[in-house]
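# Topology and contacts: notes
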Amino acid sequence: MRLYIDENNQVFTMHEATSAMKCFEEFENEKPYTYENVKKIQRANIPVHVLLNTSMIDEKWIYLNLKIYISKNDRVCVLPFSFFDDTKNETDWNKQYAPGQGIWYRSNQDVFYRYGIREEQIVWVNYFRDTIDEMKMKILNSSILLLTGGAPDLMMKRIKEKRLKKIIKNYKGVMIGYSAGAMIQLDSYHISQDEDYPEFSYQTGLGCLSGFDIEPHFRKSKIQIKSIEKVQEEKQIPIYGIYENGGIIVDKSIICFGKVDKF
């Protein structure tokens, strides 16, 4: 957990802090925090946004670019709200995300171990079981928020339903999203026609990022190029085509790594 200190040496969590406060960090002690047991963070230019196509952040090409943003002391919250409508209850949800049985569990959990993060430092938000207050506390008590891939429009619908949009938009840690989880970080994004979406559409996102758009899973297909040209003409903003082995880090500026085309 990152902590902040005011001019009176009072310590606040990162979600209680103001921009005028200095950033420190502390992980072991419970409140009340004291100035003596926190250490100053040398690099505190947060929030940071990471846009990917894959959850496999333990792969070397991603790890080399993210290791300066992720510490062994970080606490991770996984927000798997991007499932499609065929997931109708907690039993269906467990088949995708629950430990020991979920097909997507390890690809969203184990990938943090390479960074030194332990199992007990990772929590999951359960859409079907957690109360809204429990969801909020899991997000607010983390320093890394992982937004999963799937259906971006349904993910935004569920975030709004659970009244989580404001705290996610104002998240002050490292937000990592892949595919759908990358798209919704923007104020507005487009969905290109594919097997899940029969037609092009514009959608409203979280509003964390603005001034550009992305085309995830980019492979220079005719449909994708047509979508990019449409967005360019109608929105007059740059679009980044993110190939499978590419990613973007927004840390004061836009940093592309791997294979990314800018239009």
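Described in the following lines is the structure provided in the data block.

Turning to the environment of Lys-166, a few remarks are in order. Within the fold, Lys-166 resides in helix α6 (residues 165–169). With 41 residues separating them in the primary sequence, Lys-166 and Gly-207 have C-alpha atoms 9.6 Å apart.

Over its 14 residues, helix α8 (residues 222–235) runs 20 Å from end to end, which matches the ideal 20 Å to within 8%, given 1.5 Å per residue. Residues Gln-224, Ser-227, Ile-228 and Val-231 constitute the buried set of α8. Angular distribution of buried residues about the axis of α8 spans 100°; they occupy a single face of the element. Of the exposed residues in α8, those oriented more than 90 degrees away from the buried face are Lys-222, Lys-226 and Glu-233. For α8, the secondary structure elements touched by its buried residues are β10 (188–191), β11 (201–204), β12 (213–215) and β13 (239–251). Within two residues after α8, Gln-236 carries a phi angle of roughly 55°, on the positive side.

With that settled, the discussion passes to the packing of aromatic side chains. By the definition in use, this model includes 13 aromatic pairs. Ring geometry for Phe-200 against Tyr-202: centres 5.0 Å apart, planes inclined by 90°, an arrangement best described as edge-to-face. Since its relative accessible area comes to 29%, Tyr-202 is described here as partly exposed. Of note, Arg-114 hangs over the ring of Tyr-63, and the distance from its end group to the ring centre comes to 4.2 Å. The cationic tip of Lys-235 hangs over the ring face of Tyr-202; the distance from NZ or CZ to the ring centre is 4.4 Å.

Basis of the calculations
Within each chain, residues carry numbers counting from 1 in the order of the written sequence. Whole-chain, interface and lining totals are the exception, using all residues; otherwise, since this is a predicted model, local features are given only for residues with pLDDT of at least 70 and side-chain atom pairs are given and counted only at 80 or more. Note: side-chain values were computed over all heavy atoms of the structure, leaving out hydrogens and water. Helical segments are the DSSP runs of H or I of at least four residues, strand segments are the runs of E of at least two, and each set is numbered from the N terminus. Between the first and last residue of a helix there are one fewer steps than residues, each counted as 1.5 Å, and that sum is the expected span. Three labels apply to residues, based on accessible area from a 1.4 Å probe with only protein chains included: buried if under 20% of the type maximum, exposed if over 50%, partly exposed otherwise in between. To be clear, the arc concerns the directions from the helix axis to the C-beta atoms. Only heavy atoms matter for contacts: two residues are in contact if any of them lie within 4.5 Å across the pair. Any two rings among Phe, Tyr and Trp, with Trp reduced to its six-membered ring, count as a pair given centres within 6.5 Å; such a pair is stacked if its planes are under 30 degrees apart, edge-to-face if over 60, and tilted if neither. Lysine and arginine charges are scored as sitting over a ring when NZ or CZ, respectively, is within 6 Å of the ring centre and within 35 degrees of the ring normal.

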